[in-house]
Amino acid sequence: MAAVRKFALLVTVAALTGMPAVAQQAERETDDTEIIVTAQKREERLRDVPLAITAITGDALDQSGALALRDVVTLVPSLYFSQSQGPVQSNVSIRGVGSAGGVAGLEPSVGIYVDGVYLDRTSIGVADFNDIERIEVLRGPQGTLFGKNTPAGLINFITKRPEFTLGGDASAGVGNYGFHNVTASLTGPIAGDKLALRVSAFYRARDGFLFNQTKNEDTNDLEAYGVRGRLLWKVTDGLELLATYEHHSSTQNCCAAEFSPVGATQLGLSAALGKPFPAVNAPDDLLVAFDGGFSYRHKINAGTIEGNLEIGDYTLTSISSLRDYKQRSFIDGDFTQLDFFRIISGDRDHRQFSQELRLASPADKPFSFVAGLFYFYKRQNERGGATYGADTSRIFAALGGSLAALAPLYTTIRSSASGSDIVNRSYAAFAQAKLQFSDRFDMSFGVRYTHDEKSIFTFQTTTEPVAILARPRNERASDDDGQFSGVINARWRPDDDTLVYASLTRGYKSFGFNDSEVNTAIGQRRFFDAELSTGGEIGFRRSWAGFQLGITGFLTVFDNYQASSFAPGNTFLLQNAAKLTTKGIEVETSVRPAKGLLFNLNYTLLEARFNDFKSGPGQPGGPTVQDLSGAPLQDAPTHSLSLVGHYDHRFNDKISGFLHGEMSLRSEIQTAQSLDPLLVQPDYVLINARAGLEFGKIGLEIWGRNLTNEIVLYRGGVPPALFTAGSRIRFVGDPRTYGITARVRF
């Protein structure tokens, strides 16, 4: 109810100021400037695309101060981002549906693309928004032209191309928590009008915003850097090649979790062992207590070659991409100041190759089409281990019962190691055709067939004297499957400024597997089936002078939804456990009431619930499973709203300035699918602001994010230890940050 009252207040304010509600863009533009997107694999004006799409330009990202995907959420209400133990465990959802990014056998429901290249994991995407041309967020199933793993939608990052005019920019910023951010970009010709180059780089560092009371130091810090180079070669008038290389590296002491509440057993045991748990003041006090370490490191090297060949009026496009990702992480497995799960380590070596070949006919004909072939290959090797620390024996003895008998066996440090080798091959053929019945009405029909092959080898070794968890020691398995997906779309333009469309889409997400937490002896399936989504959508867009309005109604049904379900043996398995429905309304408007003044107000009303989920995870302290049929999904707020205001003013020929503000509202969010009442994030509002002056080519800005210091719970859970009954761990978002940035452009 509090969220509804806040929403009503915002709408009232909007009405009083002449502000309609919801935007398709958030950028400094003149009324006659059009955003060009490639959501249908050919260039189109944003307002002409019969899809639910939000396009955020590079200028909009600069104005917002967005540096990473989690910052974009304030601009796109239907988009949600959360993270737990580390960047690998980041999760992106659209219209309430997403999936955990850190599980090797579970592919994401929201596709991530960079310059049209599919990425297998959210964490191996764009590391920094320096030199981004735009971000396209496509909502709803995208099962034809993109296809792979897009049953809920996709995010496509488009980076800037080289230019034949010399230009560049640089920025340097500092802020609280020791924040430093430096970016630079340079582009220009290197061989007349044949070769052009663009090079960009960034460096970013920040101290930790959580304080570890056990080790008396900050944690959750960050240091990252990267470079991207793009070379454009216009071989002939009808042939161009675009080569891209990028490298980025990140080191973080991340990601620790707050304890709130702390259970009586944990408090009593800690005191009995002479390591009392430090005082915790409140759920949002940014205090943690652990004796081990949390660290995450990754390196990414990627190369892409795109070729475009004009064959008469047709265009043949080839995109070849190779991406290599290496990650190493360590976490304090019990999250506490006790030396129990001393360390849980993980090494991930991920290499993927993709090839797309696409033919596009002329777009201005009564019949036009885009058709192509797609191939994807991934090899991923994972190695991990856990070590039981020096306090293990004393903990078992203090807990008593059957555990006391194990205490003498753990007077020496015990450890286990496990790993998996995964190979995935995917093949697809697709085609989408448009029939232009008149100047005002057309229909599109698309189909895609995808065939996936997956194999896995798992192993585990241990020095534990007792097999506490029954897991396979050595196992090989493989499977394959194929599915159709597609779209039917009708578009009507009553006049030049109005668009009405309706679509029926089929999305597909490939089958997956349980890579380590499966005991095949108890009859559990190694593989689970593909996830399919069927979505219906009706949209309306209208443009007036200085005002744009968009309304979208949607309903999507997911079959064979891939979810975590409890299994015998005290472990959770990934399997097809549920059917669910998401439905709602999205409203987008943009208004320019005066020269230099822009307001956007975006709103999403969402209902995302399970139709059938009888084996859902149970709440702590209760049955291990519960029937979640009819229950809401996690990460699916009913109300989401984004309000953006931007004002540009020129004082004279040499000096101009701007003011920029953002407000993002989310209603209550379940952060755990068990619907644990202790892990609910109440409705909240985030406020960001930025102001700057430009002196010709030099700019100076002051900024602040999360100005009200709202500590948001993004993910919560039960600590993975035997003595933490009644306790909860909380992974929270960034506190208030502020700073100053200088820019130069030429």
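Residue numbers here run from 1 along each chain, matching the order of that chain's written sequence. Totals for whole chains, interfaces and linings use every residue, but because this is a predicted model, local features are given only for residues with pLDDT of at least 70 and side-chain atom pairs only at 80 or more, for both listing and counting. Excluded from the side-chain calculations are hydrogens and water; all other atoms, namely the structure's heavy atoms, are used.

Moving on: the state of the cysteines. Counting rule for disulfides: a pair of cysteine sulfur atoms within 2.5 Å. If you walk through the whole model with that rule in mind, you get 1 disulfide. Each sulfur of the disulfide joining cysteine 254 and cysteine 255 lies 1.5 Å from the other. The sign of the S-S torsion, about 50 degrees, decides the handedness of the disulfide formed by cysteine 254 and cysteine 255: right-handed. Of the two residues, cysteine 254 and cysteine 255, neither departs from the other in class, the shared state being buried. Whether a residue is buried, partly exposed or exposed follows from its accessible area with a 1.4 Å probe, protein chains only, as a fraction of its type maximum: under 20%, in between, or over 50%, in that order.

Below, the discussion takes up the pattern of salt bridges. Should a side-chain nitrogen of Lys or Arg be within 4 Å of a carboxyl oxygen of Asp or Glu, the pair is scored as a salt bridge. Within this structure, the stated rule accounts for 43 salt bridges. Glutamate 586 is paired through a salt bridge with arginine 139; the nearest N and O atoms lie 2.9 Å apart. Taken as a pair, glutamate 586 in strand S32 (residues 571–594) and arginine 139 in strand S9 (residues 132–139) lie far apart in primary sequence, 447 residues in all. Here glutamate 586 falls in the buried class, since its relative accessible area comes to 2%. Looking at arginine 139, the relative accessible area reads 4%, which means it is buried. Overlapping salt bridges, with partners in common, bring together Arg95, Arg139, Glu537, Glu586 and Glu588 in one network. Put simply, DSSP H or I for four residues or longer makes a helix, DSSP E for two residues or longer makes a strand, and each gets a number counted from the N terminus.

As a further point, take the sheet that holds strand S19 (residues 287–288). The mixed open sheet is built from 3 strands, whose spatial order is S15-S14-S19. Two strands in the sheet have a free side with no partner beyond their single neighbour: strand S15 (217–219) and S19. By the bridge criterion, 2 bridges tie strand S14 (residues 210–212) to S19 in an arrangement that is parallel. Each residue of the ladder has a partner; that of asparagine 212, found in S19, is valine 288. Pairing between strands is defined by DSSP: at least two bridges between the two strands are required.

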